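Inside the fold
What follows is the residue order along each chain.
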Amino acid sequence: MEVMIEGKHIKNNSDTLVIVLQGVFSKTNEMYAKSIVNGQIDEESVKNLHNYYHFMKLSQRNDKRDYLYLKDYYSKLYGWYIFDHGKFIYEELSQKIEQLIMENNYQKVYLVGSSKGGAGSILMALHNKFIDKVFAMVPDLRISTDGFGDSGKDLFFNNDKLFEEQVKNIFNNDIIFKDMKYATKKTSFYFFTGVRDYGFKELVNFHRKLNEVLDINSQLLIMPTPEPHNPLIKNHTKLVTSLIQRLDQDILWNEDEFTSVSDNVHIATYKAIGMQ
């Protein structure tokens with residue numbers, strides 16, 4: 001079945017496109033997935049859930065860009081923009097986005113995503129030759145599906161254990177870098193995370209590989225606070241929104257917001273932590 005692009009495309013006659021990928025919605029969990037499998041929640045209701053777009057205020061505050069708010073309505077619930085009920089879709093999805101970019105003659109393209117949207121944005125950038133920058137917030141490189149139980153495994157992986165294993169280890173597989181030699185631009189990656197995020201170690205290792213092995217510009221912005229995964233975004237929306245708004249700039253952060261501990265690792269200061 002052909003991979004479909006669904007979402008909201010806001011056009012402001014700009015040559016710059018910001019693509020925003022959705023995270024998980026708070027109301028979805030194991031019971032929600034089970035209700036879908038049992039036919040207690042209809043397809044239209046799940047689709048309506050995806051009509052809520054994260055970071056919609058970006059397009060209201062900056063009309064000098066175009067925006068594509070991309071839905072993750074795959075596997076009848078979510079697919080991390082990577083898979084759809086037991087098959088990989090990230091390459092085909094990236095090709096679809098390439099077509100949209102060429103049809104609209106966009107000169108600059110930025111990807112923005114948090115959690116599963118962050119994971120999807122990374123893979124899309126690795127397979128889309130037109131991406132300038134990626135801003136991935138607490139990207140879910142583990143592909144954490146445990147919160148959806150056995151019904152999630154049914155929806156996401158079609159109960160295929162081998163495929164599930166391939167998905168869970170996709171960011172450790174060098175095959176995801178195979179298309180980079182065809183890129184017309186050298187993409188820069190910006191990661192926002194915290195020391196208490198469950199995926200902190202995986203992200204640090206991935207960031208290090210981009211820099212040290214693949215010679216790709218990757219910048220790691222770290223919150224030294226005790227906040228876990230979701231609060232790292234919800235408690236710092238003003239900060240992350242300001243970072244997204246600066247994607248047109250060479251440096252996304254101010255010196256008084258982040259202290260650089262190396263050329264590509266930066267730790268949030270009290271000013272950034274307290275930004276409300």
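These remarks concern the structure in this document.

1. Concerning the pairing of strand β5 (residues 133-137)
Within β5, five of the five residues are buried, leaving the element largely enclosed by the surrounding structure. Of the two faces of β5, the one carrying Lys133, Phe135 and Met137 and the one carrying Val134 and Ala136 are both buried. The pairing of strand β4 (residues 108-114) with β5 spans five bridges and is parallel. Residue pairing in the sheet places Ser114 in a bridge with Met137 of β5.

2. Quick notes on the environment of Lys64
Relative to the helices and strands, Lys64 is located in the loop between α3 (57-61) and β3 (66-70). The exposure class of Lys64 is exposed, given its relative accessible area of 67%. Through-space distance from the C-alpha of Lys64 to that of Leu17 is 9.6 Å; in sequence the pair is 47 residues apart.

3. Looking at the layout of surface pockets
Computed from the structure, the largest pocket encloses a volume of approximately 880 Å³. Lining the largest pocket are 30 residues, and of these Val24, His54, Ser114, Ile233 and Lys234 sit closest to its centre. Secondary structure elements with two or more residues in the lining of the largest pocket: α3, α9 (231-234) and α10 (237-245). When the residues that make up the lining of the largest pocket are grouped by side-chain class, the tally is twelve nonpolar, 13 polar and five charged.

4. Topic: the environment of Leu252
Looking at the element boundaries, Leu252 is found in the loop between α10 and β8 (258-260). The spacing of Leu252 and Phe135 is 117 residues in sequence and 9.8 Å in space, taken between C-alpha atoms. The contacts of Leu252, once residues within four sequence positions are left out, are Lys133, Tyr190, Leu243, Arg246 and Leu247.

5. Regarding the packing of aromatic side chains
Under the criterion given, the structure shown has 21 aromatic pairs. Judged by centre distance (5.7 Å) and plane angle (80 degrees), the ring pair of Phe88 and Tyr90 falls under edge-to-face. On the basis of relative accessible area, Tyr90 is assigned to the buried category, the value being 8%. Ring centres 4.8 Å apart and planes at 55 degrees place the aromatic pair Phe88 and Phe163 in the tilted group. A residue pair is termed long-range when its members are at least 10 positions apart, and Phe88 in the loop between β3 and α4 (90-103) and Phe163 in helix α7 (residues 161-168) qualify at 75 residues. Joined through ring pairs, the aromatic side chains of Phe25, Tyr52, Tyr78, Trp80, Phe83, Phe88, Tyr90, Phe148, Phe156, Phe157 and Phe163 make up one cluster.

Rules of the game
- Residues numbered from 1 in each chain as written.
- Predicted model: local features only at pLDDT ≥ 70, side-chain atom pairs only at ≥ 80, totals over all residues.
- Heavy atoms only, no water.
- Buried < 20%, exposed > 50% of the residue type's maximum accessible area, 1.4 Å probe, protein only.
- Helix = DSSP H or I, 4+ residues; strand = E, 2+ residues; numbered from the N terminus.
- Pairing = 2+ DSSP bridges.
- 1 Å grid on protein atoms, 1.4 Å probe; cavity = no way out; pocket = protein on both sides within 12 Å on 5 of 7 lines; lining within 4 Å.
- Points joined across faces, edges and corners; volume = space filled by probe spheres on them.
- Nonpolar A, V, L, I, M, F, W, Y, C, P; charged D, E, K, R; others polar.
- Contact = heavy atoms within 4.5 Å.
- Phe/Tyr/Trp six-rings, centres within 6.5 Å; stacked < 30°, edge-to-face > 60°.

Taken by themselves, the reported measurements are silent on function.
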